[in-house]
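# Reading the structure
So the chains spell out like this:
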Amino acid sequence: MTATQRIRFYAVVLIALVVLFVVGAILSPTRSRSLGLLFPGLDETTVQRVDILSGTVAVTLLRAAESWVIDEGGRRYPARSDRIQSLLNEVVASRLVRRITGNESLWTDFGVTDETGTQLTLQSATSGGAEQVRTVVWGGSAAEPGLSYVRLGQSSDVYASDGELEFYLQQPASYWAYLRVFPEDVVFSNVIAISSSLDVQFGEDERFSVSYVLERDGTDDAAQGADDLWVSRDHAGTTGATELLDQDAVVRLLREAVDLVGTDFSRDVRFSATAVVGTIELALSDGRELSVEILQSGDGFVCRAAGPALPGDPFGGLAYELTVAKVRRLFPVLSELTAE
């Protein structure tokens, strides 16, 4: 192939690539042109209430001052503002790509009937103080990647939308819940002592019991830090194992304790009559003392905390569900904390 032929060949290839790019840009479902926003004029900072309702999910989220709560009618629980903000950001960015049909008999095919779809309702405040309520019914995924079917309120029209809302609309209330047990400013490096005890039956064949106190060695030293040595004592104050504790293992335990997060809020009022099977007490370098009680509930566990400025305090005190695996990590046997 001569030089002239090669130039002509490359020119043809370049022209073909340009044509393909232009065609792809025109047909792409994520192209910049659209029929408009899913919620035109919506400012996420004005949204006061979010309702998500389907055959499997029923969640109501309310703005409370600078935070959010989960409203369950008779009681409210703290919610994760970061996750709600992510939802609202996606809602505001969602667009209508094209109209699909106005035939109500085809709603089932697109999953946008009241029974098959997920109803998303946003209630927001306007500048005049009135409330604006907007509702869409989110359906199934469209044949084209990145698009989903959506019906606007009581309209019979079905559209394709590029909004990526399906993940959020499928989540249970626990996804939106703020389930941290202790305040966020409690960190493992502030702990100077941890006292743990547990006596519980795991299943039918395993009786599990631990009891010890771990203290930071040299807590009177102003230069104390996370790398200080730790010693174990029994609850009578006597020094326990003479071996040094494994500092990495102790730090892992401290992180498990201070960053304790439940799997959900416990809504079973009967657990209050259940006997306490375990406790963890934390002494912090700033003088605060925190504790958590562990109660066995059915096949799992429930915990409730005590101490200053707990996340659950504004809600009348909260109890949190824990898995068996979490309880095991919170209460390692002393030999697992001993340096080899």
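Residues numbered from 1 in each chain as written. Predicted model: local features only at pLDDT ≥ 70, side-chain atom pairs only at ≥ 80, totals over all residues. Heavy atoms only, no water.

Secondary-structure assignment places T338 in the segment after α7 (324-330). Side-chain polar atoms of T338 contact the backbone oxygen of L334, separated by 3.0 Å. (Helix = DSSP H or I, 4+ residues; strand = E, 2+ residues; numbered from the N terminus. Polar contact = N/O pair within 3.5 Å; in protein donor to acceptor, adjacent residues only side chain to side chain.)

Summarising the element assignment, S297 is placed in strand β16 (residues 289-297). Classification of S297 as partly exposed rests on a relative accessible area of 27%. Here the alpha-carbon distance between S297 and E321, two residues 24 residues apart in the chain, equals 8.8 Å. (Buried < 20%, exposed > 50% of the residue type's maximum accessible area, 1.4 Å probe, protein only.)

To continue, consider helix α6 (residues 247-258). The end-to-end C-alpha separation of α6 is 16 Å, in line with the 16 Å expected for twelve residues at 1.5 Å each. Taken residue by residue, α6 has Q247, A249, V250, V251, L253, L254, A257 and V258 as its buried positions. Structurally, the start of α6 carries an N-cap: the backbone nitrogen of D248 is 3.0 Å from a side-chain oxygen of D246. (Expected span 1.5 Å × (residues − 1).)

As a further point, take the pairing of β16. Here seven bridges tie strand β15 (residues 276-284) to β16, and the two strands are oriented antiparallel to one another. Looking across to β16, one finds that E281 is bridged to S291. Turn length for the β15-β16 hairpin, with the two strands adjacent in sequence and antiparallel, is four residues, and the turn residue G287 shows positive phi of about 95°. Here β16 pairs with strand β17 (residues 300-306) via seven bridges, running antiparallel. Across the sheet, the residue bridging to E293 is R304, located in β17. In this antiparallel pair of consecutive strands, β16 and β17, the connection spans two residues, and G298 shows a positive phi of 65°. (Pairing = 2+ DSSP bridges.)

Let us now look at the pairing of strand β11 (residues 191-202). Across seven bridges, β11 lies against β15 in antiparallel orientation. Bridge assignment links A193 to a residue of β15, and that residue is A283.

So, on to the sheet that holds strand β14 (residues 264-265). The eight strands lie next to each other as β13-β12-β11-β15-β16-β17-β18-β14, forming an open sheet whose pairing is antiparallel. Among the strands making up the open sheet, the edge pair consists of β13 (230-233) and β14. Direction of pairing for β14 relative to strand β18 (residues 319-322): antiparallel, over a ladder of two bridges. Bridging across to β18, F265 finds its partner in Y320. Docked against the sheet, α6 engages β11, β12 (206-216), β13 and β15, running at close to 75° with respect to β11. (Contact = heavy atoms within 4.5 Å. Axes fitted to C-alpha atoms, helices over the stretch in contact; angles between N-to-C directions.)

We now examine the packing of aromatic side chains. By the definition in use, this model includes nine aromatic pairs. Measuring from centroid to centroid gives 6.0 Å for F202 and F301, while their planes differ by 70°, and the two rings are edge-to-face. Of this pair, F202 sits in strand β11 while F301 sits in strand β17, and the two are 99 residues apart along the sequence. Each member of the pair, F202 as well as F301, carries the same accessibility label: buried. Each member of the aromatic cluster is reached from another via a ring pair, and the members are F167, Y168, Y175 and W176. Taking the ring centre of W107 as reference, the NZ or CZ of R151 above it sits at 3.9 Å. Taking NZ or CZ as reference, R328 lies 4.1 Å from the ring centre of F202, over its face. (Phe/Tyr/Trp six-rings, centres within 6.5 Å; stacked < 30°, edge-to-face > 60°. Lys NZ or Arg CZ within 6 Å of the ring centre and 35° of its normal.)

Spatial strand order, β1-β6-β10-β9-β8-β7-β2-β3-β4-β5: ten strands in an open sheet with antiparallel pairing. Two strands in the sheet have a free side with no partner beyond their single neighbour: β1 (36-37) and β5 (76-78). Sheet topology places strand β7 (residues 118-125) next to strand β8 (residues 131-141); eight bridges connect them, and they run antiparallel. Residue pairing across strands places L122 opposite R134, the latter belonging to β8.

Taken as a whole and assessed by the stated rule, the structure comprises 17 salt bridges. In this structure, D199 and R207 form a salt bridge, with 3.2 Å as the shortest nitrogen-oxygen distance. Look at D199 and you get partly exposed, because its relative accessible area is 38%. A salt bridge links E256 to R329; the nearest nitrogen and oxygen atoms lie 3.2 Å apart. Residue E256 is located in helix α6, and its partner R329 is located in helix α7; the two are separated by 73 residues in the primary sequence. E256 gets classed as partly exposed once you look at its relative accessible area, which sits at 21%. Each member of the salt-bridge network shares a partner with another, and the members are E72, D264 and R267. (Salt bridge = Lys/Arg side-chain N within 4 Å of Asp/Glu carboxyl O.)

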